[in-house]
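Residues per chain are reported as follows:
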Amino acid sequence: MGPILEIENVSLQFGGVKALDNVSYHIEKGEIFSLIGPNGAGKTSMLNCISGLYQPTGGSIRYKGQEIINMKPYNRTTLGIARAFQNIALFAHMSVLDNLKLGRHTLMKSGALSGGLYIGKSSNEEIEHRKKVEEVIEFLELQDIRHTPVGTLPYGLQKRVEVGRALALGPELILLDEPMAGMNSTEKDLMARFILDMHEVMEITVVLIEHDLGIVMNLSDHIAVLDFGKRIGFGTPEEIQKNPDVIKAYIGEETFI
Amino acid sequence: MRECGNYKTTYRDDMKLFGTTGAKIKAIIIILTILALPLFASSYWVGLLTLCAIASVGAIGLNILTGLTGQISIGVGAFLGVGGYTSAILTSTAGISFWVALPIAGIVTALIGGLFGIPSLRLKGLYLAIATLAAQVIILFVISRWDGLTGGTAGMVLSRPTIGQFSLSSNTGYYYLCVIILLLTVLYATNLIRSRTGRAFLAVRDRDIAAQIMGINLFKYKVMAFAISSFFVGIAGALLAHYTMIVSPELYSFHVSIEYLAMILIGGLGSIFGSILGAVFITLLPVGLSSLIDVMAGIMPDLYQLFSAFKDFVFGAVIILFLIFEPGGLAHIWLNIKKYFRLWPFSY
Ligand SMILES: Nc1ncnc2c1ncn2[C@@H]1O[C@H](COP(=O)(O)OP(=O)(O)OP(=O)(O)O)[C@@H](O)[C@H]1O
Ligand SMILES: [Mg+2]
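Residues numbered from 1 in each chain as written. Chains lettered and ligands numbered in written order. Predicted model: local features only at pLDDT ≥ 70, side-chain atom pairs only at ≥ 80, totals over all residues. Heavy atoms only, no water.

J.: Help me understand the overall build of chain B, please; the structure alone is not making it clear to me.
T.: Counting its secondary structure elements, chain B contains 15 helices and 4 strands. Its C-alpha atoms give chain B a radius of gyration of 21 Å, near enough to 20 Å, the size a compact globule of 348 residues would have. For chain B, the spread of C-alpha atoms along the principal axes amounts to about 65 × 60 × 45 Å. Relative to its 348 residues, chain B shows a buried fraction of 47%. Summarising the internal contacts of chain B: among those between residues at least 6 apart in sequence, 77% fall at separations of at least 24. (Helix = DSSP H or I, 4+ residues; strand = E, 2+ residues; numbered from the N terminus. Rg over C-alpha atoms; globule rule 2.2 N^0.38 Å. Buried < 20%, exposed > 50% of the residue type's maximum accessible area, 1.4 Å probe, protein only. Contact = heavy atoms within 4.5 Å.)

J.: When you look at the sheet that holds strand E9 (residues 222-227) of chain A in this model, what are you seeing that I'm missing?
T.: Through backbone hydrogen bonds, the strands of a sheet pair up, either in parallel or in antiparallel fashion. Residues and elements named next belong to chain A. If you walk across this open sheet you meet the 6 strands as E6-E7-E8-E3-E9-E10, and the pairing is mixed. Each of the sheet's edge strands pairs with one partner strand only, and the pair in question is strand E6 (81-84) and strand E10 (230-235). Neighbouring strand axes in the sheet, compared pairwise and without regard to direction, differ in orientation by 15 degrees on average. Across 4 bridges, the pairing between strand E3 (residues 32-36) and strand E8 (residues 205-209) is parallel. When the sheet's bridge partners are listed, Phe33 is paired in E8 with Val207. Taken strand by strand, helix H6 (residues 155-167) contacts E6 and strand E7 (173-177), and its axis lies near 170 degrees from that of E6. (Pairing = 2+ DSSP bridges. Axes fitted to C-alpha atoms, helices over the stretch in contact; angles between N-to-C directions.)

J.: Help me understand the sheet that holds strand E2 (residues 17-28) of chain A, please; the structure alone is not making it clear to me.
T.: All names here are of chain A. If you trace the 4 strands from one edge of the open sheet to the other, you get E2-E1-E4-E5, paired in antiparallel fashion. The sheet is open, and its two borders are formed by E2 and strand E5 (66-67), each paired with just one other strand. The sheet contact formed by strand E1 (residues 3-14) and strand E4 (residues 58-63) spans 5 bridges and is antiparallel. Paired with Ile7 across the bridge in E4 is Ile61. Against the sheet, helix H1 (residues 43-51) touches E1, E2 and E4, its axis set at about 115 degrees to E1.

J.: I keep staring at the site of ligand 1 and nothing clicks. Help me out?
T.: Residues and elements named next belong to chain A. Taken together, 14 residues form the shell around ligand 1, and within it Asn39, Gly40, Lys43, Thr44 and Ser45 come nearest. Lys43 has a polar side-chain atom sitting 2.8 Å from an oxygen atom of ligand 1. Measuring from an oxygen atom of ligand 1, one finds a side-chain N or O atom of Ser45 at 2.6 Å. Considering ligand 1 on its own, with 630 Å² of exposed area, one finds that the protein chains cover 64% of that surface. Taken together, the elements giving at least two residues each to the shell around ligand 1 come down to E2 and H1. (Near = heavy atom within 4 Å. Polar contact = N/O pair within 3.5 Å; in protein donor to acceptor, adjacent residues only side chain to side chain. Areas by Shrake-Rupley, 256 points an atom, 1.4 Å probe, with all protein chains shown as cover.)

J.: Would you mind showing me how to read the interface of chain A and chain B here?
T.: Interfaces are frequently sized by the accessible area removed from exposure as the parts join. If you look at the interface, chain A gives 38 residues, while chain B gives 31 residues. Together chain A and chain B conceal approximately 3100 Å² of surface at their shared face, both sides included; 62% is due to carbon and sulfur atoms. Summed over the shared surface of chain A and chain B, the result is 1 salt bridge. For the salt bridge of Glu126(A) with Arg199(B), the shortest nitrogen-to-oxygen distance reads 3.1 Å. On the surface where chain A and chain B come into contact, there are 12 residue pairs in polar contact (both at pLDDT 80 or more). Among the elements of the structure, helix H2 (73-78), helix H3 (96-103), helix H4 (112-117) and helix H5 (121-139) of chain A are those that each provide at least two residues to the side of chain A that touches chain B. A total of 7 residues in the side of chain A that touches chain B trace back to one element, the largest contributor, which is H5(A). Partitioning the side of chain A that touches chain B into residue classes produces 16 nonpolar, 13 polar and 9 charged. (Buried area = accessible area lost by both parts, 1.4 Å probe. Salt bridge = Lys/Arg side-chain N within 4 Å of Asp/Glu carboxyl O. Nonpolar A, V, L, I, M, F, W, Y, C, P; charged D, E, K, R; others polar.)

J.: Before we go on, may I ask you to explain the pattern of salt bridges in this structure?
T.: Oppositely charged side chains can form a pair if their charged atoms are brought close together. Within this structure, the stated rule accounts for 15 salt bridges over all chains. For the salt bridge of Asp21(A) with Lys230(A), the shortest nitrogen-to-oxygen distance reads 3.2 Å. Placement of Asp21(A) in strand E2 and of Lys230(A) in strand E10 is noted, with a sequence separation of 209 residues between them. When its relative accessible area of 15% is taken as the criterion, Asp21(A) is described as buried. Among the ionic pairs, Asp208(B) bridges to Lys124(B), the shortest N-O distance being 2.6 Å. Of this pair, Asp208(B) sits in helix H10 (residues 208-213) while Lys124(B) sits in the loop between helix H5 (98-117) and helix H6 (125-145), and the two are 84 residues apart along the sequence. A residue is classified by how much of its surface remains accessible, and Asp208(B), at 19% relative accessible area, is buried. When salt bridges with common partners are traced through the structure, they connect Glu6(A), Glu8(A) and Arg62(A) into a single cluster.

J.: Just to check I follow, could you spell out unusual backbone geometry for this structure?
T.: One can expect most non-glycine residues to show negative phi and most peptide bonds to be in trans. Residue and element names in this part refer to chain A. For Lys64, which is not a glycine, the phi torsion comes out positive at approximately 50 degrees. For Lys64, the location among the structural elements is in the loop between E4 and E5. The backbone phi angle of Glu141 is positive, close to 55 degrees, even though this residue is not glycine. Within the secondary structure, Glu141 sits in the loop between H5 and H6.

J.: Hey, could you run me through the coordination of the magnesium ion (ligand 2) in this one?
T.: By definition of the ideal shapes, four donors in a tetrahedron about a metal sit 109.5 degrees apart, and six donors in an octahedron sit 90 or 180 degrees apart. Protein coordination of the magnesium ion (ligand 2) is provided by Thr44(A) (OG1) and Gln86(A) (OE1), with donor distances spanning 1.9 to 2.1 Å. Highlighted residues: Thr44(A) in helix H1 and Gln86(A) in the loop between E6 and H3, separated in sequence by 42 residues. (Donors = N, O, S within 2.8 Å, 3.2 Å for Na, K, Ca; no water.)

J.: How should I be thinking about the pairing of E4(A) in this particular structure?
T.: Residue and element names in this part refer to chain A. By the bridge criterion, 2 bridges tie E4 to E5 in an arrangement that is antiparallel. Within the sheet, the bridge partner assigned to Tyr63 lies in E5 and is Gln66. Hairpin connection between E4 and E5: a loop of 2 residues separates the two successive antiparallel strands, and Lys64 in this loop has a positive phi of roughly 50 degrees.

J.: Any chance you could explain the packing of aromatic side chains here in plain terms?
T.: How two aromatic rings sit relative to each other is given by the distance of their centres and the angle of their planes. One pass over the full model with this rule turns up 15 aromatic pairs over all chains. Grouped by ring-pair contacts, the aromatic residues Tyr25(A), Phe33(A) and Phe234(A) constitute a single cluster. A cation sits over an aromatic face here: Arg160(B) above Tyr174(B), 4.9 Å from the ring centre. (Phe/Tyr/Trp six-rings, centres within 6.5 Å; stacked < 30°, edge-to-face > 60°. Lys NZ or Arg CZ within 6 Å of the ring centre and 35° of its normal.)

J.: What is the right way to read H5(B) from this model?
T.: Along an α-helix, residues three or four positions apart point the same way, because every turn accommodates 3.6 residues. Residue and element names in this part refer to chain B. When the terminal C-alpha atoms of H5 are compared, their 28 Å separation across 20 residues agrees well with the 28 Å that a helix rising 1.5 Å per residue should span. When H5 is considered as a whole, its buried residues turn out to be Phe98, Ala101, Leu102, Ala105, Gly106, Thr109, Ala110, Gly113, Gly114 and Gly117. Looking at the buried residues of H5, the elements they touch are helix H4 (76-93), helix H8 (171-193) and helix H11 (218-244). Its side-chain oxygen placed 3.0 Å from the backbone nitrogen of Trp99, Ser97 serves as the N-cap of H5. (Expected span 1.5 Å × (residues − 1).)

Written as structure tokens, this is what we have:
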């Protein structure tokens, strides 16, 4: 199907720290792609470069063939790139519904004038998008808490709402930064099922960061491995498991299979 | 009664402003009370209530910026001045009708407010506060030096508007005008909060990084918040100018900016109802204190000087006490009272 995202020689530096060092890989359209590596390897930094929060010191990032490296973050959202944060970045005072509606901000049109009058177009638009948001609510099984302020929800549910807000955009590419972190195995299985459904039913390209290598090996079509900002492996799960550099980087980590 | 049996079957029902019959009746009662007040109150009180309504419009404006969008401004005083002077110049100098001048005053203030909002992209918190203070200083400087247009330090004289043959020069007539504009402001702001724009404002306030990932252009929304907020401050400024029938630079000092900040802090940040409570409180506080002082001075005439000095002290102390003990403001206190009575008499 051809790559949806091409990362080429991306570097990122913080003072003396090379967070990313000449990293290249590409992500095929429609696949589940995982980004793994030890703590501080540069995985989140990589996503920040893709979503435009960090400006790489060099390299190229192409989305569907288009160079986006100098594009503002909010314009990348318009292209259909959604993101769920590692540290939950929900709007705590707002309901689940409003958080998800914010995920559709770029798809809605009403401005300050029609919004303040709330008649005709603006209120019809709210209803139309409410329907789309309800689809996500149903998909992630959030029906019972749609009106609950997000800040009062338990951690696991907040993680799910975080994913839901990204899904609400109806993205082509979704960046999931450790969506299962801190979950028990039942919750992890549920999230894994959601990710598979996104991939199979919604046909979204998924970029997943996850420390549980069992899950990563099971879900992924391709994997890139980062260590100290360097790409030390890139390939299918089988290739990654045989890669000597990857095995060396993970020595001492029992989770590695 | 209110809580049970209230099932919403369509998304449209779920979104209604006055979803229950109870809410509708309550809104009607409140509006009728406001409209009937002049029948019972003296002209002096009607005047005070008019000032409360005008301050409420301005406070709601400021709350859209500071409470909703999280951008502090201490230039409200000057923006009131922009509204007041725009209307003064348009009506008194250019002879344009008040009804045309009023919206233009809002729009001009919105443009100038948006302009002074531009630094908000780079500056946050205290730094932004100082930048808006600069707006206050610059605008007042222009107003007091541009004699040809503004009459300099002497100021300008305005008149009350008329509708056809009917003059709004009586306090009661003007009260109705201000109250209707306040109601429209409340309606607009309430709708704005639950619209796409309102959600974006809250997102900018709470998490600007996540807001960008939602596709929100921070710069656009911050400048927009400054402009919308200033529009209402400008309208309030024009209403005030036609009420007092005079504009002059000292009416729009830094002190006024602080009073408006106090209104939204005491009333409740981000709350429309709180803006009104705060505006009423800050408008009536000096009046209340004055009468108290008069009573006290009647008992102890020698201490009149001391009591007068006490007024500013009480004003400051009230603000500090609110910040410490009730950060949610009067709106939060009101909610607690309501909660108490909802379960009453089983309120434990
Ligand atoms: N804004 C920043 N300023 C300075 N250093 C940063 C910044 N963001 C990341 N770094 C550094 O870049 C390196 C990579 O961090 P990053 O958060 O990308 O790691 P990670 O792979 O996501 O780790 P984890 O698995 O713990 O989430 C770390 O050394 C980190 O300290
Ligand atoms: Mg990380």
